[in-house]
Amino acid sequence: MLTLNRIALCQLADLPVGLGRAFEVDGKPIAVFRTRAGKVFAVDGICPHKGGMLADGMLSEESVVCPYHAFKYDAITGECDQQGTCAIETFPVDVTDAGIFVTI
Amino acid sequence: MIQPNTIRETPITRQRLVVIGNGMAGARFIEDLIGLDPSHAFDISIFGDEPYGNYNRILLSNVLNGSQDAKEIFLNPLAWYADNQITFHAGKKVTRIDREAKIVYADGVEEAYDTLVFATGSRPFVPPIAGTSLHGVFVFRTLDDCRNIAEYAKDCKTAVVIGGGLLGLEAAKGLMTHNVKVTVVEMGPWLMGVQLDADGGKVLQQTIEKLGITALTGASTKEFAGDETNRVKGVKFADGSIVECDMVVVSAGIRPNKELAAESGLACDRAILVDDTLQTNDPSIYGVGECVQHRGMVYGLVAPIWEQTKTLALRLTGLNTAATYTGSKLATKLKVMGVELASMGRISDVKPTDEVVTFAEPARQVYWKAIVREGKVVASCMLGDLGPADELVDYFMTEKPAPSRRLELFFSANTQTHGTEISLADLPDAKQICDCNGVCKGTIVKAILAGKTSVPMVGKATRAGTGCGSCKKMIAGLIEAVAGAVKADPSESWYVPAVPLDKPTLVAECKKRGLKSVSAVLAELATHEDEKSKNGLASMLKSIWGTEYIDERDARYVNDRVHANIQKDGTFSVIPRVYGGVTTADDLIRIGEVAKKYSVPMVKFTGGQRIDLLGIKKEDLPGVWADLGMPSGYAYTKALRTVKTCVGTEFCRYGTNDSTGLGIALEKRFQGFEFPAKVKMGVSGCPRNCSESTVKDVGIVATEGGEWEILVGGAAGAHVRRTDILCRVKTRDEAMQVIGRFLIYYRDNAKWIERTYDFVPRIGIENLRKIIVADSLGIGAELDAEVEKTMAAYVDPWLERDQPVYAGQFSEPRKISLPVLL
Ligand code: SRM
Ligand SMILES: Cc1cc2nc3c(=O)[nH]c(=O)nc-3n(C[C@H](O)[C@H](O)[C@H](O)COP(=O)(O)OP(=O)(O)OC[C@H]3O[C@@H](n4cnc5c(N)ncnc54)[C@H](O)[C@@H]3O)c2cc1C
Ligand code: SF4
Ligand code: FES
């Protein structure tokens, strides 16, 4: 059975501006990004190409760029810009005064 | 225009098509076939003797003369083969064909075929004379030839080119740009015997001699003479005379590669015989390109090939099984050494009843000649000014009657004489603009109307301008006429993709507007945001603003954020500075202790003369740096990397200068300097060059006389380039100053990720000498001041161990467990 959990990750200030940070939620790596414009995204922490740590990547508008070989993933749809690479999982995020929550 | 080859969902029985030869004909044939057959009825494999994807052989002349880089002349990248499901056997020469079993064999690979296409092209003809195997004797046909010639020419002062045809003259021109004095030797009585008559040949000879090339005609080469190290030293002629030289390029004609076909039992004469369907005498085997002989003709230019490949593709795909190739009428415009030349028909073939119309203007080196037979133009050559060429080509191609006042061939009302504006708008749509690819005006205009408004875009859509390139001016004119201003692919000159400005303009804008951070530049000047542009801007802003630069880490690649190189498992490598590669027992002990304390999985000497601690966790970086107590070696970031040195006078019995001393001083002075790409240096204590200074971005070699020779623009990684000599200086201080000026000039003028091996040839070493050594722009003092300013702005990044600059900079992933469900 599939259960969804809304989980508190951290405070907004724990996320560096324009960058990502790595989390492991119940052992599952996820990467959370905060754009300069203030949006927060959560995506799979591991690049399906060769296992790059996406949290160490960069943002290119609303895409995450893997630090290993620069494959780009849309932070919302998870789609990859390289043909033949599967999309990554993305997770809904909500930012409240109480902190940042991800639904997994 | 080239359709991707999509696989049909319903499986069909595909035909196995094998092509031998990945040259201009072979690759073009596949393109044509795929274009006509998007349903992918063929399983295509292609063998290429050369180890590359296919490239535009015509443009090798440009590669040799330095006006184009080898990587610019590729027609299809390797990915194109994969994208179209073409099996490409690169570097595999087909050595045998079993026609019975329908299998071709190449070293270690075999492919079965239903249909086989020969596109083996031709090879240079080397006359059977003594000495052709000496070092320094070259032919000119492939990319490798081109590279080898250019490399060898660096150490040469004089060269002889055997053969005064089109290719020989192109080779001569290419060699001139390598500062080699060239003599062209032609066996026939005049140059370019195929395209020109005696008078035309003489005019051409005068023209090229003005360019500084010596031409010897009617000279029969007897032998190449070498020295004791088997290097060529001269050319001996039948009349006993000798021309001394350091290298030779043989360009004495071509021979079709027909041997494989002949050995397989296919009918051959001068080349592989094909009929109007391009079939050989085996109904499953076809031929296209320079390896075939059709109706007695073996062509040596690309225009006929395009007609052949198109015809064959139409036939094989079944789109037009009646398509035939009946031969090509050749009218070509060529550019040899900057001399315009047009040729059509056989100029040497004059019958007693022919009328010959000529016009010559020796002062301008203009020469026009046309042969009129039975009232029609059957041949012509024109040199120097191609004003009437289009008209003449039209007479020649359409075989329409020549004007009764024959001189109107050259001076009709329609003829554009030199200097007058060409009215492109008035040309008929059917007028051919690109002769190499047979593209006419109508096709180009259509592309422009469809939004292809730059020369490269038109080229991509129609192929026009992608051959020899001589029609690019016309295409630009058409774009201007149809769509307004010409877009000369401006993005070429941009510093980074996201900001449509070249570097000097960008720098000026940032200074004027006071933009000190990447986000500020993006907000004010960019069209979009991408990681490459962010990195490039960060490096540039840091060099403009020094201590005032606002460092935003989200503009930087992970290595530059945490000052270490990321590894394939997410750990990092730490390389401390070891100035000039000289260390001490205490430092080594400390490195060893750190390695033990953090259980470093690998401790390795790098290719750059220092020690790498590999496999460090991100969260351990601050601790490792603190325990080492050494500055960062900047093995990440586009910055000064290593300064390799040899022991020099300190210990070596040959050393004439203190290379370690200079190396250490250089590394201390320029540490932390960021550049558009990484910079590596080497200092050698004598010309034995043990620190490989001749393949560094900046190399310094002590001369036997005790001076320092400063070298720039070298590398020995993915690109190997030998340095150029910038200058010689007497003292260490002079060396430091010249190098500082060069580095800042490079930093401020190079494009993002343009290493010195591209930058130096782009600016030109002569030019650089003027700017850096002679201070022709009067910027020397400014460059010196920049060095000081940049030194002052240097802070060892490893000090961030005490105070991380952003949240989570050195943290491990934060672990969160799920609430336990009851
Ligand atoms: C560590 C080292 C290999 C080693 O174990 O010896 C190394 C490691 C890397 N080199 Fe190198 N290069 C190392 C010496 C060299 C050398 C030799 C030298 O410096 O004398 C060369 C050829 C010289 C040259 O650059 O001309 C060299 C030519 C390259 C190139 C090709 C550059 C080019 O434009 O041709 C790359 C790729 C690039 O920069 O895009 C590269 C890129 C890399 C990268 C950054 C590849 C990567 O993205 O992971 C490697 C970083 C590994 C890491 O995580 O630490 N490395 N690399 C060497 C570090 C030297 C040092 O002390 O700093
Ligand atoms: C420097 C230079 C400048 C030129 N300039 C012009 C110009 O301005 N205009 C013009 O029209 N033409 C020009 N040409 C001529 C033009 O390049 C040729 O006409 C054209 O390349 C011929 O194409 P092709 O495919 O028949 O032969 P190629 O392009 O030579 O291709 C044949 C390929 O087959 C490979 N091959 C041969 N045998 C085997 C085998 N057994 N197994 C596997 N592979 C094999 C070869 O390695 C080669 O790569 C120029 C040529 C040169 C060298
Ligand atoms: S460069 Fe010359 S002096 Fe220096 S170590 Fe090598 S051989 Fe000795
Ligand atoms: S591992 Fe992410 S791009 Fe290769």
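Structure: above.
Conventions we followed
Residues numbered from 1 in each chain as written. Chains lettered and ligands numbered in written order. Predicted model: local features only at pLDDT ≥ 70, side-chain atom pairs only at ≥ 80, totals over all residues. Heavy atoms only, no water. Helix = DSSP H or I, 4+ residues; strand = E, 2+ residues; numbered from the N terminus. Buried < 20%, exposed > 50% of the residue type's maximum accessible area, 1.4 Å probe, protein only. Contact = heavy atoms within 4.5 Å. Areas by Shrake-Rupley, 256 points an atom, 1.4 Å probe, with all protein chains shown as cover. Near = heavy atom within 4 Å. Polar contact = N/O pair within 3.5 Å; in protein donor to acceptor, adjacent residues only side chain to side chain. Nonpolar A, V, L, I, M, F, W, Y, C, P; charged D, E, K, R; others polar. Pairing = 2+ DSSP bridges. Disulfide = S-S within 2.5 Å. Buried area = accessible area lost by both parts, 1.4 Å probe. Salt bridge = Lys/Arg side-chain N within 4 Å of Asp/Glu carboxyl O. Axes fitted to C-alpha atoms, helices over the stretch in contact; angles between N-to-C directions. Arc of directions from axis to C-beta. Phe/Tyr/Trp six-rings, centres within 6.5 Å; stacked < 30°, edge-to-face > 60°.

Colleague: Is there a simple way to explain the overall build of chain A in this structure?
Modeller: In terms of helices and strands, chain A carries 0 helices and 10 strands. In chain A, the succession of α and β elements from N to C terminus is β-β-β-β-β-β-β-β-β-β. Within chain A, the proportion of its 104 residues that are buried is 48%. Taking contacts inside chain A between residues at least 6 apart in sequence as the whole, the part at least 24 apart equals 36%. In the structure as shown, chain A presents an accessible area of about 4800 Å², 51% of it carried by carbon and sulfur atoms.

Colleague: Honestly, the site of ligand 1 in this entry has me stumped. Any pointers?
Modeller: Residues and elements named next belong to chain B. Within the structure, ligand 1 sits among 22 residues, and Q567, G607, R610, K678 and Y757 are positioned closest to it. Residue K604 places a side-chain N or O atom 2.8 Å away from an oxygen atom belonging to ligand 1. Taking K678, its side chain carries an N or O atom lying 2.7 Å from an oxygen atom of ligand 1. Those elements giving two or more residues to the shell around ligand 1 turn out to be β30 (565–566), β34 (640–645) and β38 (715–716). Per-class residue counts for the shell around ligand 1 are 5 nonpolar, 9 polar and 8 charged.

Colleague: When you look at unusual backbone geometry in this model, what are you seeing that I'm missing?
Modeller: With the exception of glycine, the majority of residues adopt a negative phi angle, and the majority of peptide bonds are in the trans configuration. Residues and elements named next belong to chain B. Positive phi is not limited to glycine here, since Y634 has a value of about 50°. Assignment of secondary structure puts Y634 in the loop between α18 (621–628) and β34. For Y634, a relative accessible area of 4% corresponds to the buried category. At N689, a residue that is not glycine, the phi angle is positive and equals roughly 60°.

Colleague: How should the sheet that holds strand β41 (residues 814–816) of chain B be read in this particular structure?
Modeller: Whether parallel or antiparallel, the strands of a sheet pair through hydrogen bonds between backbone atoms. Pairing within the open sheet is mixed, and its 5 strands lie in the order β8(A)-β4(A)-β3(A)-β2(A)-β41(B). Across the chains shown, the open sheet's two edge strands, defined by having one partner strand only, are β8 (90–91) of chain A together with β41 of chain B. As judged from the 3 bridges shared by strand β2 (residues 20–25) of chain A and β41(B), these two strands associate in the parallel manner. Directly across from A:E24, in β41(B), lies its bridge partner B:K815.

Colleague: Just checking my understanding: could you explain the state of the cysteines for this structure?
Modeller: When the sulfur atoms of two cysteines share a covalent bond, that bond is a disulfide. Residues and elements named next belong to chain B. This structure, assessed with the given rule, holds 0 disulfides over all chains. A disulfide-free cysteine, C156 has its sulfur positioned 8.6 Å from the sulfur of C245, the nearest such atom. Judged by its relative accessible area of 6%, C156 is buried.

Colleague: Where do I start with the interface of chain B and chain A in this structure?
Modeller: Interface size is commonly expressed as the accessible surface area that is lost when the partners come together. Every contact between the two is made by 32 residues of chain B and, on the other side, 30 residues of chain A. Here chain B and chain A share an interface that buries about 2700 Å² over both sides, 54% of which is from carbon and sulfur atoms. Of all residues in chain B, B:D554, B:R814 and B:I816 give up the largest surface area on contact with chain A, accounting jointly for 27% of the area buried on that side. Our enumeration of links across chain B and chain A arrives at 5 salt bridges. Here A:R36 makes a salt bridge to B:D554, at a shortest N to O gap of 2.8 Å.

Colleague: Is there a simple way to think about the sheet that holds strand β15 (residues 242–244) of chain B in this case?
Modeller: All names here are of chain B. Pairing is antiparallel across the open sheet formed by 3 strands, whose spatial order is β13-β14-β15. In the strand order of this sheet, the two ends are held by β13 (221–226) and β15, each with one partner. Put simply, the sheet's adjacent strands are angled 20° from each other on average, direction ignored. With 3 bridges joining them, strand β14 (residues 232–237) and β15 adopt antiparallel strand pairing. Paired with G234 across the strands is E244, a residue of β15.

Colleague: How should the site of ligand 2 be read in this particular structure?
Modeller: All names here are of chain B. Within the structure, ligand 2 sits among 31 residues, and A25, E50, R57, R141 and E290 are positioned closest to it. Taking V302, its main chain carries an N or O atom lying 2.8 Å from an oxygen atom of ligand 2. A total of 990 Å² of accessible area belongs to ligand 2 in isolation, and the protein chains cover 93% of it. Contributing elements (two or more residues each) for the shell around ligand 2: α1 (24–36), β2 (42–48), α2 (60–64) and α8 (302–316). Broken down by class, the residue content of the shell around ligand 2 amounts to 14 nonpolar, 10 polar and 7 charged.

Colleague: Whenever I open this one, helix α13 (residues 503–513) of chain B confuses me. Can you help?
Modeller: An α-helix turns once every 3.6 residues. As a result, residues three or four positions apart point the same way. Residues and elements named next belong to chain B. Among the residues making up α13, those that are buried are K503, L506, V507, E509 and C510. Buried residues in α13, looked at end-on, bunch into an arc of 160°, giving them a common side. Opposite the buried face of α13, by more than 90 degrees, sit the exposed residues P504, K511 and K512. Next to the buried residues of α13 lie β28 (494–496), β29 (499–502), α14 (518–525), α15 (531–545) and α20 (732–749). A positive phi of about 65° marks G514, the residue just after α13.

Colleague: Would you explain the side chain of B:R463 in this entry?
Modeller: Position of B:R463 relative to the elements: it lies in the loop between α11 (455–462) and α12 (472–483). Classification of B:R463 as buried rests on a relative accessible area of 15%.

Colleague: So what exactly am I meant to see when it comes to the environment of B:G592 here?
Modeller: With respect to the element layout, B:G592 can be found in helix α17 (residues 585–597). Considered as a pair, B:G592 and B:L613 are 21 residues apart in the sequence and their alpha carbons are 9.7 Å apart.

Colleague: Hey, could you run me through helix α10 (residues 441–449) of chain B in this one?
Modeller: Residue and element names in this part refer to chain B. Here α10 has its buried residues at K441, G442, I444, V445, A447 and I448. Packed against the buried residues of α10 are β26 (432–434), β27 (439–440), α11 and α12. Of the residues flanking the end of α10, it is G451, one or two places downstream, whose phi is positive at about 100°.

Colleague: Looking at this structure, I do not really get the packing of aromatic side chains. What am I missing?
Modeller: Think of a pair of aromatic rings as described by two things: how far the centres are apart, and how the planes are tilted against each other in angle. Residue and element names in this part refer to chain B. Going through the model one piece at a time under the given rule, you end up with 20 aromatic pairs over all chains. An angle of 85° between the planes, with centres 5.1 Å apart, marks the rings of F359 and F411 as edge-to-face. Of this pair, F359 sits in strand β23 (residues 355–361) while F411 sits in the loop between α9 (389–398) and β26, and the two are 52 residues apart along the sequence. A residue is classified by how much of its surface remains accessible, and F359, at 23% relative accessible area, is partly exposed. Where F670 meets F673, the ring centres are 5.3 Å apart and the plane angle is 90°; that geometry is what we call edge-to-face. Since its relative accessible area comes to 0%, F670 is described here as buried.

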